[in-house]
Amino acid sequence: MPIYLRAPEAAPGGPDGKGWNRLSLGAHIGTGGDQCALRPRSWGALVEAQDTRRARWGGHGPCIRRGQCDGCPVREALNTRCTVVPVNAPQALVRVEPIFPPGLALTGPAGYRLWVTTGPEDRDYRNRQPWTWDDAVRIPGWDLGSMYYDEHGDGFWLKRTTRVPALGCVISTRARTSFTRHAFRVARCGVALLHCSGGCAHSPELLNAISHACPGPEGANEDCVPVHWRQAQEMTPRPAGSTRFGVDVRAVSVKIVAVSDAPYERARLTLSGSGWTADRVRAAGEALRAHLADH
């Protein structure tokens, strides 16, 4: 994809066609240098950076290699220096804060700081590391959302997808002859265990989807689950083709079992810890159902 944006050439006759005069700033500073489509400087330019075929000169940072993209550190950073979104939430609000030079109130901003928040009500975001616009273009697994405005300033939304696991959830896989086991750990404590009979018949994104339902560190423990056996029916996923689901609530765990018409057990998801509320159990069950339905 093209990322080198050459600066437009100024017309010899000037904007009025009669030539530049000595009082014209444009006669001295020109139109600006070449730019890189991977260095956005606004939300609109960030949209263009997602697919640089639609990028246009004017909203991006300067090119640092004079159009020599091969070996450029900006281009290589897309895969080697990915930015981690430091919140565990389905979506994040990135606030854009302009930086003004001290004592120069009439000039434009000298730069911007981008602050990641959990939403409009999050006021404790300044204890996190701020981003630059260059950081914002290197976020795998998150989709760019719409712009946002309120009395505190401008911003934009990021939406998490199943291409990335939940922050702080570590997933490990161990394959055996007759089954495959996926373990989910939060704060070094096991919170979920997925057994797949034989080889896995689901996409890798299932593991990320289950991690999104997992509780945070405060709910990762060996305490009893807070749901009751009477809630089993409401937490049971609907059948998906020939696959049916059952939910078994015990004192310290909840088991979601997927059974086919054969009949045999396709998968078993065991959830443990005090953080597994009914909503989280339903979310994990729906993730299992959605991914098994495709295979």
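Above this text is the structure in question.
Residues numbered from 1 in each chain as written. Predicted model: local features only at pLDDT ≥ 70, side-chain atom pairs only at ≥ 80, totals over all residues. Heavy atoms only, no water.

Draft legend 1. Structural context of the sheet that holds strand β7 (residues 153–160). Across the sheet, which stays open at both edges, the four strands sit in the order β5-β4-β7-β6 with antiparallel pairing between neighbours. Looking at which strands have only one partner, the edges of the open sheet turn out to be β5 (111–117) and β6 (142–150). Across the sheet, the axes of successive neighbouring strands diverge by a mean angle of 25°, strand direction being ignored. The sheet strands contacting helix α2 (residues 43–50) are β6 and β7, and the helix crosses β6 at an angle near 170°. (Pairing = 2+ DSSP bridges. Helix = DSSP H or I, 4+ residues; strand = E, 2+ residues; numbered from the N terminus. Axes fitted to C-alpha atoms, helices over the stretch in contact; angles between N-to-C directions. Contact = heavy atoms within 4.5 Å.)

Draft legend 2. Summary view of helix α5 (residues 205–213). In terms of residue burial, α5 counts as a mostly covered element, since eight of its nine residues are buried. Of all the positions in α5, only Leu206, Leu207, Asn208, Ala209, Ile210, Ser211, His212 and Ala213 are classed as buried. In the core, the buried residues of α5 are packed alongside β7, β8 (169–175), β9 (179–186), β10 (189–197), β13 (265–272) and α7 (278–293). (Buried < 20%, exposed > 50% of the residue type's maximum accessible area, 1.4 Å probe, protein only.)

Draft legend 3. Quick look at the state of the cysteines. Taken as a whole and judged by the stated rule, the model has zero disulfides. No disulfide involves Cys69; its sulfur sits 6.3 Å from the nearest other cysteine sulfur, which is in Cys63. Using a relative accessible area of 18% as the deciding quantity, one classes Cys69 as buried. Its sulfur unpaired, Cys200 is 3.9 Å from the next cysteine sulfur, which belongs to Cys196. (Disulfide = S-S within 2.5 Å.)

Draft legend 4. Representation of the sheet that holds strand β2 (residues 35–40) in the model. An order of β1-β2-β3 is seen for the three strands of this open sheet, with the pairing classed as antiparallel. Edge positions in the sheet fall to β1 (4–5) and β3 (60–62), since each has one partner strand and no second. Each of β2 and β3 touches α2; the most contacted strand, β2, lies at about 105° to it.

Draft legend 5. Summary view of the packing of aromatic side chains. In total, this model carries three aromatic pairs according to the counting rule given. An angle of 20° between the planes, with centres 5.9 Å apart, marks the rings of Trp133 and Phe156 as stacked. With Trp133 in helix α4 (residues 133–136) and Phe156 in strand β7, this pair connects stretches of sequence that are 23 residues apart. The same class applies to Trp133 and to Phe156, which are both buried. (Phe/Tyr/Trp six-rings, centres within 6.5 Å; stacked < 30°, edge-to-face > 60°.)

Draft legend 6. Region of interest: the nonpolar core. Ranked by internal contacts, the top residues of the largest apolar core, which has 37 residues, are Phe184, Leu194, Leu269, Leu271, Trp276 and Leu288. Among the elements of the structure, β9, β10, α5, α6 (232–235), β11 (244–249), β12 (253–259), β13 and α7 are those that each provide at least two residues to this core. Ranked by residue count, the leading element in this core is α7, at six residues. Contacts of Leu194, omitting those with residues within four sequence positions, involve Thr180, Arg181, His182, Phe184, His202, Leu206, Leu207, Ile210, Ala267, Arg268, Leu269 and Leu288. (Core = buried A, V, L, I, M, F, W, Y, C linked by side-chain atoms within 4.5 Å.)

Draft legend 7. Layout of the environment of Pro109. Relative to the helices and strands, Pro109 is located in the loop between β4 (91–99) and β5. Once you skip the residues sitting within four places of it in the chain, Pro109 turns out to touch Pro98, Ile99 and Phe100.

Draft legend 8. Molecular detail of the environment of Gly285. Along the polypeptide, Gly285 turns up in helix α7. A relative accessible area of 0% means that Gly285 is categorised as buried. Taking the C-alpha atoms as reference points, Gly285 and Arg238, 47 residues apart in sequence, are found 9.4 Å from one another. Excluding residues within four positions of it along the chain, Gly285 makes contact with Pro237 and Ile256.

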